[in-house]
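Commentary on secondary and tertiary structure
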Amino acid sequence: MSEQPAPADHARQQLEPAAADAVRAYAARTRENADQFAGVLEDIAANGLPSVEECTPWEELREQHLARLARQRSAVA
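I will try to describe carefully the structure that is included in this document. Source: prediction; values computed, not measured. (Residues numbered from 1 in each chain as written. Predicted model: local features only at pLDDT ≥ 70, side-chain atom pairs only at ≥ 80, totals over all residues. Heavy atoms only, no water.)

**Comments concerning the overall build of the protein chain**
Applied cut-off: Elements are defined by DSSP. Helices are runs of H or I of four residues or more, strands are runs of E of two residues or more, and each kind is numbered from the N terminus. For each residue, the accessible area found with a 1.4 Å probe, counting protein chains only, is set against the maximum for its type, and the residue is called buried under 20%, exposed over 50%, and partly exposed in between. For every accessible area listed, the method is Shrake-Rupley and the probe measures 1.4 Å; residues are considered covered only by the protein chains on display.
A count of helices and strands for the protein chain gives two helices and zero strands. Taking all 77 residues of the protein chain together, 1% fall into the buried category. Per element, the accessible surface of the protein chain, about 7600 Å² overall, is 58% carbon and sulfur.

**Notes on the pattern of salt bridges**
This is how it is decided: Note on definitions: salt bridges are taken to be side-chain nitrogens of Lys or Arg within 4 Å of carboxyl oxygens of Asp or Glu.
Scanning the model with the defined rule gives two salt bridges in all. Two residues, arginine 24 and aspartate 21, come together in a salt bridge whose shortest N-O distance is 3.1 Å. Remark: aspartate 21 and arginine 24 occur in helix α1 (residues 17-47); sequence separation between them is three residues, near one turn of the helix. For arginine 24, a relative accessible area of 54% translates into the label exposed. A salt bridge links arginine 62 to glutamate 63; the shortest N-O distance between them is 3.1 Å.

**Section: α1**
Filter applied, for reference: Multiply 1.5 Å by the residue count of a helix minus one, and that product is the helix's expected span.
The terminal C-alpha atoms of α1 lie 45 Å apart, and with 31 residues this matches the ideal 45 Å at 1.5 Å per residue to within 8%. Taken from the residues just after α1, glycine 48 is the one with a positive phi, measuring 85°.

What follows is the structure, encoded as structure tokens:
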């Protein structure tokens, strides 16, 4: 996204306080995830790739993620 301010002839619509809080919370989660990802990349750059024995197969990660999504979906229903 652009870092430039909005043009002066277009007024910005303010968010409701609850919506603004939700956006801030999403930004914080996104920032935390990006920091974790950056840390992993820095570790790889400094120490090289982990051994195969230290890694989790992608199939197992996929199944864990699908199970997590199913739990979230049933919690919403």
